[in-house]
Amino acid sequence: MDVEPPLHEDVLARRGAIVAGLCRLLPEDAVISDRARLRPYETDGMASERQVPLAVALPSTTGEVVAVMRFLHREGVPVVPRGAGTSLSGGALPRADAVVLGMMRMHRILEVDYADRFARVQAGVTNLAITEAVQKGGFFYAPDPSSQLACMIGGNVAMNAGGAHCLRYGVTTNNLLGLTVVTAEGDVVEIGGRHVDAAGYDWLGLLTGSEGQLAVVTEVTVRILHAAEGARAMLVAFKANEVAGACVAAIIAAGIIPVALEFMDRPAIAACEAFAHAGYPLDAEALLIVEVEGSAAEQDALLARISGICARFEPVSLRVSASAEESAAIWKGRKGAFGAVGRISPDYLCMDGTIPTGRLAEVLARIGEMSGRYGLKVANIFHAGDGNLHPLILFDANDADSQRRAEEFGAEILRLCVEVGGCLTGEHGVGVEKRPLMGVQFNPTELAQQRRIKEAFDPGWLLNPSKVFPAADAAA
Amino acid sequence: MTEGAAEGEAPRDEAGIAAAVLAAYEAREPLEVIGNGSKQGMLRPVQAARTLRLGGLSGVVMHSPEELVVSARAGTTLAELDGVLAARGQSLASEVPDLRHLLGSEGEPTLGGAVAANLSGPRRIGGGATRDYVLGVRAVNGRGELLRCGGRVHKNVTGLDLCRLLAGSHGTLAVLTEITLKVLPRAERERSLAVRCAEARAGVAALSIGLGSAFGVSGAAYVPAALAGRVPGLSGPAALLRVENFADSVAYRVDRLRALLAPFGTVDVLEEEVSRQAWRSLRDAEPLADGEGAVWRLSVRPSAGPGVAERLEREMGAAWFLDWGGGLVWLRGPAGERGHASVCAAVAEAGGTWTLLRAPLALRQVVAVIPPEPEALARIGGRVKAAFDPAGILNPGRMRAGV
Amino acid sequence: MQTSFTPEQLRDPGLAAANEVLRTCVHCGFCTATCPTFVLKGDELDSPRGRIYLIKDMLEEGGPPGALVVRHIDRCLSCLSCMTTCPSGVHYMHLVDYARGVIETRHTRPWHDRLLRRLLAALLPYPARFRTALRAARLARPFAPLLPRSGVLASRMRAMLALAPERLPAADGGMAGKVWRPEGTRRFRVALLAGCAQRVLDPEINAATIRLLTRMGGEVVVPDGSGCCGALAHHLGRHGQTLAEVRANVAAWTREMAGEGLDGIVVNASGCGAMVKDYGFLMRLEPEADSAAKVAALAMDVSEALLRFGYAPSRPPAGITVAYHAACGLQHGQKITEEPKLLLAKAGFRVAMPAEAHLCCGSAGSYNMLQPEIADSLRERKLGNLRDCAADVVATGNIGCLTQLAGHGLPVLHTVMLLDWMAGGPRPAALEAAAVPEPEGEARAHELAAEAAGQLGG
């Protein structure tokens, strides 16, 4: 049972006063309250869910965030933090009684230190902008979600974002040193710093991936790494999904951890090729993108070993990228995959679950069977090295039945992930999308434990309401 | 009360653990949770009527080499786990220190203890802490309820990341019963470069150059003259950098790093076995293990390491060496409140964190062994502790007095 | 993305086309990151995705849009950076152009806004009128400090006065109906879009283009009746005027194609090129649909033409570093990114690319007069990135960018000026002003440049 917690009627009734209060705290253009202009804020990267917020506040400093949070806490108004609004699980979906706290104006790079290998940035800096800021020193910020061009580091922290290269470099939580957060009550707290492993409880780890449930992130200190001497991608095409899956297992069993190991099935290959013109083989059933790093000789050695393993699985084709441009095109296709699907379908649901990599072929076969049963096409893209699946279910939002079937199809895929020993989420978070399914992975005791932690940070349940915790389970 | 004396219960299964915790919860009687007691001398002493030993709960439950995952019960010894992994060419990537010599303890270190203390060795600087490799845990909270957190997949967090919270919580929130870890292939070869460097600042600058290079340095320590004789392969003060990979790659990287680091001093190369011995010694803080005095483990930004260490050498005659590129300061000095205050002040000024790792009971009873938290966070921390352990029965006082 | 239009609404072919665009958008948000106004303003409403949503809402509702909504659409530069970024292939240009038309018909702007827009539409496309207006602006400039410090109107007037050049070059004497014969045998024949504002502001660009093409064996014609491409009126939402201007061009070029024939229609202003290449779509519902599509297919930027017809330098490399400023009409509107750089390299220049090359400089047609505050911020940002290149000179393929960036200490000139110089043309005057060192053995070029400068001065 998933019942939406009721709106705070008293908040709705005090809308005018709340907006006026915000206007006293922020510059004139930093508060949006007219309905026409609130509409674009009614949804994020998961456009199937929509709710017009009470108002939007656009702070530029941690100080302004504190002022807004203190005010809203005093008034008992729910807050929905929002970065670039690229969440695919509805992580920034507003509520009618909530103020959207847009972090897009907090986009300053505050400090870059190559000797100590960190960068301190405001929460509204995009993921890619961090890498761009440290590139001249030869460094990069490792987690690289597909939306890295647009998504913001604050949202990355909230969702514990991953990406194609986290097989080698880890996800967001593995690449953080510190956070500045503002609590539900409006207190500023510094977590961690420029050093690693603060003694005491791992607040940094707990806050990362907490989807805005525990605090609002305003500044982030990330670890930066020196880039490898070079990298090269290889495209290996197979005649069946199972064969590609077996090949992935064989590569890892041989003790090789490529920096990236990505999988696409036939429909995904077609959509991405149409966007990126990367020379993806259109006649293959399954495609692996394997990337290795190092000096030219190191790359050669690794690619030779990987090619040798792939050869045992009778690939349809095997192509090693010959230039940086070619590799860039290969990644452009993969990173634009979700949007590229917009070329073959008006709408899609991007699922995100994880499975033990050994169960890959079986899971793909069952997704194929479901696709037939629901009468909806699916394109599969996933991080093969770590078992993070991204099935894209194609549907038409202008057709209500098609949307309903897509949602049921998605839920069935996620149940399957849990059934085979995986998780409901990989790197997109629970959001509103997977909230009703939390009970599939966790029993009531476990959910109650999570809920108590939420309450320790946010006793009034005002932070990013109606997400993560199943509604029936959340505080009334 | 003396330490480690209590006999206590040692259940052989998870249900037994849950029952023991539940009984303590219902009786509102504090419970000291220990594995085999190898780290009992760390942090603050626990005042508890009951003792729960995890040593009986052991064994590797699952190992899937091609998925890079292993699950084992909390009481499994690290030695046993390492054996299972080594048979398939894998290992725990975070190089968990063995502190028995330093702490003067005996019991075989367990996986549960390593995770509960989030102890990480030299490879932490590049690869991550022990908690970074924890994919999932099963644990019993202070109400005697079994919790499953994370999973067996690499992207393991759905909902709140309780795995990370429990790792490093020293058994104060829940009793770990089973842990699933990400493991990595063992490197085919390792070599280390020892850059002869008399000055710590220059040494850390050399480490910074190495860590900020494209050559995947997996260990970066600085050993001053006073302790150099205690580290295998070193004959004088040196910055030590490790490279691990397949053979050809290691040869290439050693050459490139040697050229890069030449301006800092003569570069010697430590071959496989000597390199292993050197890093094992640093991992376990062997150079400081003998001798009287308290031992602190400080974490600051790498460039601040030399300043903090040298200041404390001046103020309290401390002996020290640096790991993690300079950011981890291992320090031994007189066990007293004055020295402890010096350590706290030096770290506070540099920005960082500290743990009083070894000290006589008398000192550990009267001073904080880890830094206090800001008020707003401490308030939340108290509520989080209560969210797991409402009766306050799990390892009370182990991390902080009164919590 | 879901839309909710009634079947009646969708019978309007313009709205139906807009609906198609809206349906392509999957709301992923990638476009926000590369949108100049989002980068500056940090508000979803000033991003492509936000504007798409505002437009969707406005079209679904069907009524007049409010002033607050119009403000965000007006802030769009139409730089089309979003279209380069969009993985889904959303044709934002068609959507926003349609929305602008709808706004012009349904929304009543304040009197001064209406007046200014009418003025711009009545002046810029007509060289003679524009010339007169610039002279007037020059005379008015001393009075700029008398303008009120704040207010939209005052800041716009200040912006217009600032953009008017210090010295106006001599008129080009009219180009319509003229034919320039090739040097040697005729290898190809092209029509040149002579343009409007560019002819007044910098007639040398057309002159250099013609010298280059004729030197390569091309015959260049500016057919009678061809004039402004229509982009100016189009971006002001003036549908009627746009169609009239496009129609005139299509007719003129179609006559030429049917007559002696054309191998291309060369455009040397990037925004105009993007416009002409879209004539097929613009005229799809008009009787001239077919001929417009044929004209569009023949259109090419001057850089494409030079590469296709075989540009070759005749002078030794000048040892100069050129920062290439990619005009939005080229890089986003026409997806031309490599050609100009290739040509510059071919001509012996070292080419440097500034950071944030994808961001607009703020010129954007008449945008810098209508939205001076945003345009100024973008100019400062662009100039900063260009200065970081430490180049001798900045080259770009659009008169708008030239005007926007000129006069701030960096010599800025059209790419064809440099290419023409290296192929035997005069040394560009802009290099003189910036004291770019004279390469050895370039005495002759210097003389030519001096001549050219003399002509301009007189």
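Novice: How do you make sense of the interface of chain A and chain B when you look at a structure like this?
Specialist: By a frequent convention, interface size equals the accessible area lost on bringing the separate parts together. Opposite the 87 residues of chain A that make contact, chain B presents 77 residues. Together chain A and chain B conceal approximately 6300 Å² of surface at their shared face, both sides included; 56% is due to carbon and sulfur atoms. Between aspartate 113 of chain A and arginine 301 of chain B there is a salt bridge; the shortest N-O distance is 2.6 Å. Each residue belonging to the side of chain A that touches chain B can be placed in one class, and the counts come to 37 nonpolar, 30 polar and 20 charged.

Novice: Teacher, can you tell me more about the nonpolar core here?
Specialist: General note: in soluble globular proteins, nonpolar side chains tend to be found buried as a group. Counting 292 residues, the largest nonpolar core has Leu179 of chain A together with Trp330 of chain B as its most contacted members. Among the elements that take part in this core, helix α15 (residues 400-419) of chain A stands out by supplying eight residues, more than any other. With residues up to four places along the chain from it excluded, the contact list for leucine 179 of chain A reads Val157, Val189, Glu190, Ile191, Leu204, Leu207, Val217, Glu219 and Val220 of chain A. One finds Val220, Val302, Tyr324 and Val412 of chain C within the second-largest nonpolar core, a separate group that totals 78 residues.

Novice: What should I look at first to understand helix α23 (residues 372-387) of chain C in this one?
Specialist: Since the α-helix turns once every 3.6 residues, residues separated by three or four places project in the same direction. Residues and elements named next belong to chain C. Along its 16 residues, α23 runs 22 Å from first to last C-alpha, staying within 8% of the 22 Å computed at 1.5 Å per residue. Among the residues of α23, those classed as buried are Pro372, Ile374, Ala375, Leu378, Arg379, Lys382, Leu383, Asn385 and Leu386. On an axial view of α23, the arc spanned by its buried residues comes to 165°, and they lie on one face. For α23, the secondary structure elements touched by its buried residues are α4 (36-41), α11 (152-163), β6 (321-325), α22 (367-370), β8 (393-396) and α24 (399-405).

Novice: Got a minute to help me understand the interface of chain C and chain A in this structure?
Specialist: Counting residues at the interface gives 36 residues for chain C and 40 residues for chain A. At the boundary of chain C with chain A, total buried surface from both sides reaches about 3000 Å², with 54% on carbon and sulfur atoms. A per-residue breakdown of the area chain C buries against chain A is headed by Arg23, Phe30 and Tyr53 of chain C, which together make up 19% of the total. The interface formed by chain C and chain A holds four salt bridges in total. Among the ionic pairs, arginine 23 of chain C bridges to aspartate 396 of chain A, the shortest N-O distance being 2.4 Å. Mapped by element, the contributors of at least two residues to the side of chain C that touches chain A are α2 (13-24), α3 (30-33), α4, α5 (48-61) and α6 (67-74) of chain C. Examining the composition of the side of chain C that touches chain A, we find that six residues originate from one element, α5 of chain C, more than from any other. Taken together, the residues that form the side of chain C that touches chain A break down as 15 nonpolar, 13 polar and eight charged.

Novice: How should I be thinking about the domain arrangement of chain B in this particular structure?
Specialist: Residue and element names in this part refer to chain B. Per the domain assignment, the segments of chain B are domain 1 (1-186 + 372-403), domain 2 (189-283) and domain 3 (288-366). Using C-alpha coordinates to define each centre, domain 2 is positioned 23 Å away from domain 3. A salt bridge links aspartate 290 to arginine 230; its shortest N-O distance comes to 3.8 Å. The tally of links between domain 2 and domain 3 comes to four residue pairs in polar contact (both at pLDDT 80 or more). Counting only elements with at least two residues in the side of domain 2 that touches domain 3, the list comes to α7 (200-211), β11 (217-223) and α10 (272-283). Broken down by class, the residue content of the side of domain 2 that touches domain 3 amounts to 12 nonpolar, no polar and three charged.

About the criteria used
Residues numbered from 1 in each chain as written. Chains lettered and ligands numbered in written order. Predicted model: local features only at pLDDT ≥ 70, side-chain atom pairs only at ≥ 80, totals over all residues. Heavy atoms only, no water. Contact = heavy atoms within 4.5 Å. Buried area = accessible area lost by both parts, 1.4 Å probe. Salt bridge = Lys/Arg side-chain N within 4 Å of Asp/Glu carboxyl O. Nonpolar A, V, L, I, M, F, W, Y, C, P; charged D, E, K, R; others polar. Core = buried A, V, L, I, M, F, W, Y, C linked by side-chain atoms within 4.5 Å. Buried < 20%, exposed > 50% of the residue type's maximum accessible area, 1.4 Å probe, protein only. Helix = DSSP H or I, 4+ residues; strand = E, 2+ residues; numbered from the N terminus. Expected span 1.5 Å × (residues − 1). Arc of directions from axis to C-beta. Domains from an automatic or database assignment. Polar contact = N/O pair within 3.5 Å; in protein donor to acceptor, adjacent residues only side chain to side chain.

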